[in-house]
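# Structural overview for review
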Amino acid sequence: MPTRSSTSPLPASRTEADGSAVIRVLSYNIRSMRDDTAALARVISACAPDLVLVQEAPRFFRWRKKLARLAAASGLVMLSGGATAAGPALLCTLRATVERTEDVLLPLTPGQHRRGFATAVVRFGGARLGVLSCHLSLQRDERHEQGGMLLDRLAGLGTPHVVAGGDLNEGPAGPTFRRLAGALQDGWATRPWGGEHTWTFAGPDRRIDALFATPGIEVLGCGVPLGLPGVSEADLRAATDHLPVLAALRVPAS
């Protein structure tokens, strides 16, 4: 049977009495902020995320200042990544207690772009969570190798629960996507909410951006935030060439 999207409201962030945390996580390819940054900030703010997994963050002249301005305009702070991770970055709210961060550069294949991971370990209430943002290769074999490196890196974070996501440059039928979905929960496939396709906005017909979570995390809804209050079609079109993926997750206390 085809996957059906829920029309129920996406749960808001909160900390439960048992210490578990409901958080909102957003994954977004922002195309180096070459488009309408005010529209981009409005989309991010309207999604009310606790964590933002960024791809194609600015990497060159004054890149930290540009990313910090986007974070501030969205009510967030910089957590890790950017040029030091070859593009992936993490933003968060002050609700997050940060244990550590690490930017990881992957092996460079001649003729291909350098890739990397932005990673962190954070706490929300009593929930301890590993986080990873990625932007995988355009080249099939390299992308598949990077998928394995991603799973190894998640295992090395040393946390009971992990969320990872980004621009995979591949749809769910691809071998790398299947490799990740075989080890982790694919948010959209687990509890679809909102829209499915993420690229390109001019006529989205494929899902190459995704959020994944380890099995102990409860996916409360995941998808493109079409129709979310405050997220307008005009802003989505102006902000970048990808559509964002938003998930609400319940992370157990640990």
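What you see is a predicted model; the values in this text were computed from it and never measured. (Residues numbered from 1 in each chain as written. Predicted model: local features only at pLDDT ≥ 70, side-chain atom pairs only at ≥ 80, totals over all residues. Heavy atoms only, no water.)

Another aspect to go through is unusual backbone geometry. Of note, the bond from W199 into T200 is cis; its omega dihedral lies within 30 degrees of zero at -20°. Locating T200 in the fold gives a position in the loop between α5 (187-190) and β11 (209-213). Positive phi is not limited to glycine here, since A48 has a value of about 50°. Take A48: it is sitting in the loop between α1 (37-47) and β3 (51-55). A positive phi angle is found at R62, which is not glycine, with a value near 55°. Turning to its location among the elements, R62 is positioned in the loop between β3 and α2 (63-73). (Helix = DSSP H or I, 4+ residues; strand = E, 2+ residues; numbered from the N terminus.)

Volume-wise, the largest pocket comes out at about 380 Å³. Lining the largest pocket are 19 residues, with S32, E56, R59, A86 and H135 sitting closest to its centre. Considered as a void within the structure, the second largest pocket measures approximately 160 Å³ in volume. Lining the second largest pocket are R31, R34, E56, H135, L138, D167, N169, W199, I208, D241 and H242. Class assignment of the residues belonging to the lining of the second largest pocket gives a composition of 3 nonpolar, 3 polar and 5 charged. (1 Å grid on protein atoms, 1.4 Å probe; cavity = no way out; pocket = protein on both sides within 12 Å on 5 of 7 lines; lining within 4 Å. Points joined across faces, edges and corners; volume = space filled by probe spheres on them. Nonpolar A, V, L, I, M, F, W, Y, C, P; charged D, E, K, R; others polar.)

A few words now on the environment of L180. Inspection of the secondary structure puts L180 in helix α4 (residues 175-183). Assessed through its relative accessible area of 1%, L180 is described here as buried. Taking the C-alpha atoms as reference points, L180 and W63, 117 residues apart in sequence, are found 30 Å from one another. For L180, the residues in contact, after removing those within four places along its chain, are G147, L150, L151, L168 and F212. (Buried < 20%, exposed > 50% of the residue type's maximum accessible area, 1.4 Å probe, protein only. Contact = heavy atoms within 4.5 Å.)

On to the side chain of D209, then. Its place among the elements puts D209 in strand β11. As a buried residue without a salt bridge, D209 has its nearest oppositely charged side chain in R207, at a separation of 9.1 Å. Here T198 takes part through its side chain, which lies 2.5 Å from a polar atom of the side chain of D209. Within the structure, D209 has its side chain in polar contact with the side chain of H242 (distance 3.0 Å). Residues contacting D209, with those up to four places away along its chain left out, are N29, Q55, G166, D167, T198, H242 and V245. (Lys, Arg positive; Asp, Glu negative; His and termini not counted. Salt bridge = Lys/Arg side-chain N within 4 Å of Asp/Glu carboxyl O. Polar contact = N/O pair within 3.5 Å; in protein donor to acceptor, adjacent residues only side chain to side chain.)

Core analysis: the largest hydrophobic core is formed by 31 residues, its most contacted members being Y28, L40 and I44. Elements with a minimum of two residues in this core: β2 (21-29), α1, β3, α2, β5 (89-92), α6 (233-239) and β13 (245-251). With 6 residues, α1 is the largest single contributor of residues to this core. Setting aside residues up to four positions removed in sequence, L40 forms contacts with Y28, I30, M33, L70 and A239. (Core = buried A, V, L, I, M, F, W, Y, C linked by side-chain atoms within 4.5 Å.)

Here the structure, examined in full by the defined rule, presents 13 salt bridges. Salt-bridge contacts for R95 lead to D50; the nearest nitrogen and oxygen are separated by 3.1 Å. Linking R95 in the loop between β5 and β6 (97-105) with D50 in the loop between α1 and β3, this pair joins segments that are 45 residues apart in sequence. R95 sits in the partly exposed class, given a relative accessible area of 26%. On the basis of relative accessibility, which here comes to 4%, the residue D50 falls in the buried class. With a shortest N-O distance of 2.8 Å, D186 and R207 are connected by a salt bridge. With D186 in strand β10 (residues 185-186) and R207 in the loop between α5 and β11, this residue pair connects regions lying 21 residues apart in the sequence.

With that settled, consider the sheet that holds strand β8 (residues 127-135). The strands making up a sheet associate through hydrogen bonds between their backbones, and the pairing can be parallel or antiparallel. Pairing in this open sheet of 6 strands is mixed, and the strands run β6-β7-β8-β9-β11-β10 from one edge to the other. In this open sheet, the two edge strands, each paired with only one partner strand, are β6 and β10. Two elements, β8 and strand β9 (residues 162-167), share 6 bridges in a ladder whose sense is parallel. Bridging across to β9, L132 finds its partner in A164. With respect to the sheet, α4 is in contact with β10 and β11, its orientation differing from that of β11 by roughly 25°. (Pairing = 2+ DSSP bridges. Axes fitted to C-alpha atoms, helices over the stretch in contact; angles between N-to-C directions.)

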